[in-house]
Amino acid sequence: MIMTLLEDLNSGVDNILKTPLDIRNGRIVPSSEDIALANGGSRFYGTILYADLAQSSQLATEFQQRTAAKVIKSFLLCCTKIITEHDGTVTSFDGDRVMGIFIDDSKNTNAVKTALKINYVVQKIIEPKVKTYFSSMRETSYEISHAVGIDTGVILAVRAGQRGSNDLIWVGRSPNFAANLSEIRESNYRSFISDDVFKSLNESAKKGGTDNNDMWEQRSHKWLGISWTVYRSSWWWKP
């Protein structure tokens, strides 16, 4: 008998709910092939970075599609190169946003240095080059900007979807909090990190400049109805 779509959906949800997950503790960022679609899972401690291009809706609607595409491609190219340069793993793209995971002993410091270098690249490379290439960008007040959010914690990776059309999803506070932090738009502040990340940074990622000034400013951020201690920075780090 051929099941209807409704019957198939009911059966699929029942199978997910009644099948125990076979979760193993991992030491690497898993790929889809590492986790069984039906019941697999990998739990590990890692640091999540989200880099999000700001005002992308305005970019997509006020400029030619080819122009918008090249701006987004430039942003994502630079982000992915900097993430991998600092031993991070690029795990997913969502339109104009990229997610990276860091898991080594210096994961928080590496993620923060990545954020500061992305800030340099956006302001010192992408923005001026785009405005040189495209007159439409020079003749507008639109500013190419972004934000990076970072959090650390225990992450559960599972596969979701169906055979032939599935991908990993990342479950835990850190993926969601990092994504939320990357959506903050506050003046010239571009990097936002959780208190847990800040506490684990070495001094090279906390202070900078010839006078060894603090690069991070503490503030309170509301998320899920709770006030969280986070840190923000307007500093950049030249790659």
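It should be noted that the structure appears before, not after, this text.
This write-up is about the structure you can find in this document.

**Here's the deal with the overall build of the protein chain**
Okay, so step 1: For the protein chain, the count of helices and strands is seven helices and 11 strands.
Okay, so step 2: Projecting the C-alpha coordinates of the protein chain onto the three principal axes gives extents of approximately 70 × 45 × 35 Å.
Okay, so step 3: Counting only residues that meet the buried cut, the protein chain has 46% of its 239 residues in that class.
Okay, so step 4: Contacts in the protein chain between residues far apart in sequence, at least 24 positions, make up 64% of those at least 6 positions apart.
Okay, so step 5: For the protein chain, the accessible area works out to roughly 13200 Å², and carbon and sulfur atoms hold 49% of it.
Okay, so step 6: Seen as two clouds, the 28 positive and the 27 negative side-chain charges of the protein chain have centres 4 Å apart.

**What about a nonpolar patch on the surface?**
Okay, so step 1: Nonpolar side chains collect at one region of the surface, where Val13, Ile16 and Leu17 lie side by side and expose about 340 Å² of accessible area between them.
Okay, so step 2: Examined against the element boundaries, Leu17 turns out to sit in helix H1 (residues 5-18).

**Comments concerning the nonpolar core**
Okay, so step 1: Formed by 39 residues in total, the largest nonpolar core has its most connected members in Phe75, Val112, Ile150, Ile193 and Trp216.
Okay, so step 2: Sorting elements by how many residues they give to this core places helix H4 (residues 107-133) first, with 10 residues.
Okay, so step 3: The contacts of Ile150, once residues within four sequence positions are left out, are Thr47, Ile48, Leu49, Ala111, Val112, Ala115, Ala178, Leu181, Phe192, Ile193, Ser194 and Val197.

**Digging into the packing of aromatic side chains**
Okay, so step 1: What the rule picks out here adds up to seven aromatic pairs.
Okay, so step 2: Summarising the aromatic geometry, the rings of Phe44 and Trp170 are spaced 6.3 Å apart at their centres and angled 85 degrees between planes, so their arrangement reads as edge-to-face. Of this pair, Phe44 sits in strand E2 (residues 40-53) while Trp170 sits in strand E6 (residues 165-171), and the two are 126 residues apart along the sequence.
Okay, so step 3: When the centroid spacing of 6.3 Å and the interplanar angle of 75 degrees are considered together, the rings of Tyr120 and Trp236 count as edge-to-face. One end of the pair, Tyr120, is in helix H4; the other, Trp236, is in the segment after strand E11 (226-233), and 116 residues separate them in sequence.
Okay, so step 4: Tyr120 sits in the buried class, given a relative accessible area of 16%.
Okay, so step 5: Ring pairing ties together the aromatic residues Phe177, Trp223 and Trp228, which thus form one cluster.
Okay, so step 6: The residue whose ring lies beneath Lys206 is Phe198, and the NZ or CZ to ring-centre distance is 4.7 Å.
Okay, so step 7: Stacked on the ring of Tyr189, the Lys or Arg Arg232 has its end atom at 3.8 Å from the ring centre.

What counts, and at which threshold
Residues numbered from 1 in each chain as written. Predicted model: local features only at pLDDT ≥ 70, side-chain atom pairs only at ≥ 80, totals over all residues. Heavy atoms only, no water. Helix = DSSP H or I, 4+ residues; strand = E, 2+ residues; numbered from the N terminus. Buried < 20%, exposed > 50% of the residue type's maximum accessible area, 1.4 Å probe, protein only. Contact = heavy atoms within 4.5 Å. Areas by Shrake-Rupley, 256 points an atom, 1.4 Å probe, with all protein chains shown as cover. Lys, Arg positive; Asp, Glu negative; His and termini not counted. Charge placed at Lys NZ, Arg CZ, Asp CG, Glu CD. Patch = residues over 30% accessible without salt bridge, like charges linked within 9 Å, V, L, I, M, F, W, Y side chains within 5 Å. Salt bridge = Lys/Arg side-chain N within 4 Å of Asp/Glu carboxyl O. Core = buried A, V, L, I, M, F, W, Y, C linked by side-chain atoms within 4.5 Å. Phe/Tyr/Trp six-rings, centres within 6.5 Å; stacked < 30°, edge-to-face > 60°. Lys NZ or Arg CZ within 6 Å of the ring centre and 35° of its normal.

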